[in-house]
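Okay, here's what each chain looks like letter by letter:
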Amino acid sequence: MSVLEIKNLRAGYGDLVAVSDLSFAVQQGELFALVGANGAGKSTLLKSIVGSMSVKSGTIIFKDDDITTVADYKRIQAGISLVPEGRRLFTSLSVEENLLVGAATGRKGPWNLKSIFELLPIVEKLKDRNAGRLSGGEQQAVAIGRSLMSNPDLILLDEISLGLAPIVVEQIYAALPDIRNEGLSIILVEQDLSRTLKVADKIACLLEGHLVLEGRPSDLTHQQITDAYFGHSIASFGTSSNGANS
Amino acid sequence: MIYLNSISQGILLGGLFALSAVGLSLAFGVLRIVNLAHGDLMTLGGYLAFITIEHTGMSTWYSFLIVVPAMGVIGYLVQRLLLQRALRMGELAPLMVTFGISIIIPNSLVQLFTNNTEQLPVGSLATSSIQVNSQISIGTFPLVTLGISIVMISALQQYLARTKMGRYMRAAADDSEVLRLMGVDHRRVYGIAMGIAFSTLAMAGILFGMRQGGVSPYDGQLTVLFAFETVIIGGLGSLWGTLLGGMVLGIAQTIAGQFSPELPLLVGHLVFLGVLAFRPNGLLGKPVLR
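Things to note about the overall build of chain A
The number of helices and strands found in chain A is nine helices and ten strands. For a compact globule of 246 residues, the expected C-alpha radius of gyration is about 18 Å, and chain A comes in at 17 Å, within 12% of that figure. Projected onto the principal axes, the alpha-carbon positions of chain A cover approximately 50 × 35 × 35 Å. A burial count over chain A gives 46% of its 246 residues as buried. Counting contacts in chain A only where the partners sit at least 6 residues apart, residues at least 24 apart contribute 68% of the total.

See the structure below:
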């Protein structure tokens, strides 16, 4: 069952088209990785999904509802959540207050302060600290916890390893299986190919706003992926007519 | 001893300045809107109190119960129907809207009430005072005004720190786009923040009118200046800083008044310029990193 379906999406800034004719689907409980070089359109795609950016054409279906023109905050209330690039915590609030703002939708589910603290013990230690005084890794852990607090059905993780020490990235990736155990679908945007291939159920590669490769990591060769990533050749692997993997 | 008396009078006056500046600080802190109509809206609050008194016969103090909530509703509607649309057009548009409001209010008041001062009676508090010693006496009304200011600032501080909506307001001040991505309708948060700002400025407007013996249409041109100076002296984003800023401005004005009746405004402005020059973030404000 698809949680999210993107059909023929076209989006961008002004006259600039950042993603074009994009179609794919994310299944329930799936970890769908989006990879691509800088400027490939990954962040534009995420912004289009959460509604921070209006699309030029195409359709976004979330849990069978067309949300293409729905306001951003209503999409979050419906069950989408974003961990934004650069974390973007509320720096004048404490860590615990950041988490409580994350629970603003009031959606019921497995995630609350207690379960977030169990998943990310570092967050509990920091709960009274001002969010503006955290290291990058600590901020990322809080940002993930804050997004989970809305008990989403789909969480979008935008460049969660960017600028972080490798050991911190390891700890954050180690938490992903526990997050998935709750039946959550994940769209993971990453530039780190090797790490992404280890955790993803499905991988899609964007190049200059186009989907150039999609498939299960086990079905793809490393050469195919790097070629698609860097644009050496355009490949299509195991995709059906609507863009979803068959 | 005469300066001690001036300082105590200045502290009392500062409470009123602080109350008048709280709404300005909140509107700028949460919505990033510089409300040029702040002083004229205070005047409007004073006139609404006058109308209430005239039509019901109640005392000025009871008029707070009607005017303050009414101005809160007006603030919410102005934000949702006018300023929210202007915010979409960039930073300059809300400034122009508030400038427009600042033209409309006094001119409308002149048309409706003439340029005369309309009375806002204080009652027996107007003349009563507490005699500390032979040279220092504290007026009961200014003392009540200071008390109201401290209670209001404390209540607002607690509201922002402890309630869900207060958290959303502080979060909106940090990053309103991310607040929306938490599933919060920022327009509602902005509307409530502006409603609170209008309520506090209405209280300040009535108290200013009571202190001066009444309200007249162009009072706002001076009170907006005091409010801006108070916020800048105290430091943006700090409610207690606003109280301190009001007291510094009040003390500067009352001490200057000891030398000449023409000096208070000038010295107040000089103190404001001095703070801008040497502590641009204000006495208790934090450096702005943007």
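Remarks on helix α1 (residues 42-50) of chain A
All names here are of chain A. Extensive coverage of α1 is indicated by the burial of nine of its nine residues. Those residues of α1 that fall on the buried side of the exposure criterion are K42, S43, T44, L45, L46, K47, S48, I49 and V50. Phi turns positive one or two residues past the end of α1, at G51, with a value near 95°.

Quick notes on helix α6 (residues 164-180) of chain B
Along its 17 residues, α6(B) runs just 15 Å from first to last C-alpha, ending more than 12% under the 24 Å computed at 1.5 Å per residue. The set of residues buried in α6(B) consists of G166(B), R167(B), Y168(B), M169(B), A171(B), A172(B), A173(B), S176(B), V178(B), L179(B) and R180(B). Where α6(B) is buried, its residues contact α2 (72-78) and α3 (95-102) of chain A together with α1 (2-31), α5 (140-162) and α7 (186-212) of chain B.

Describing the pairing of strand β9 (residues 202-207) of chain A
All names here are of chain A. For β9, the tally of buried residues reaches six of six residues, placing the bulk of the element in the interior. Residues K202, A204 and L206 line one face of β9 and the alternating positions I203, C205 and L207 line the opposite face, and both faces are buried. Across four bridges, the pairing between strand β3 (residues 31-35) and β9 is parallel. Along β9, the bridge assignment pairs A33 with I203. Linkage of β9 to strand β10 (residues 210-215), two consecutive antiparallel strands, is achieved through a turn of two residues, within which E208 is found at a positive phi near 50°.

Brief notes about the interface of chain B and chain A
In this assembly, 15 residues from chain B lie in contact with 20 residues from chain A. Here the side of chain B that touches chain A is composed, by residue class, of seven nonpolar, one polar and seven charged.

Considering the packing of helix α6 (residues 136-148) of chain A against helix α7 (residues 166-180) of chain A
Residues and elements named next belong to chain A. Packing of α6 against α7 leaves a shortest axis separation of 10 Å and a crossing angle of 15°. As the angle between them shows, α6 and α7 are arranged roughly parallel. Seen along the crossing, α6 lies across α7 with a hand that is right-handed. Residues G137, Q140, A141, I144 and L148 of α6 form the contact with α7, whose own contacting residues are V168, I172 and I179. Taken together, the residues of the contact of α6 with α7 break down into six nonpolar, two polar and no charged.

Rules used throughout
Residues numbered from 1 in each chain as written. Chains lettered and ligands numbered in written order. Predicted model: local features only at pLDDT ≥ 70, side-chain atom pairs only at ≥ 80, totals over all residues. Helix = DSSP H or I, 4+ residues; strand = E, 2+ residues; numbered from the N terminus. Rg over C-alpha atoms; globule rule 2.2 N^0.38 Å. Buried ≥ 20, exposed ≤ 12 C-beta atoms within 10 Å, placed from the backbone. Contact = placed C-beta atoms within 7 Å. Expected span 1.5 Å × (residues − 1). Pairing = 2+ DSSP bridges. Nonpolar A, V, L, I, M, F, W, Y, C, P; charged D, E, K, R; others polar. Axes fitted to C-alpha atoms, helices over the stretch in contact; angles between N-to-C directions. Parallel < 35°, antiparallel > 145°, perpendicular 65-115°, else oblique. Left-handed = near helix turned anticlockwise from the far one by under 90°.

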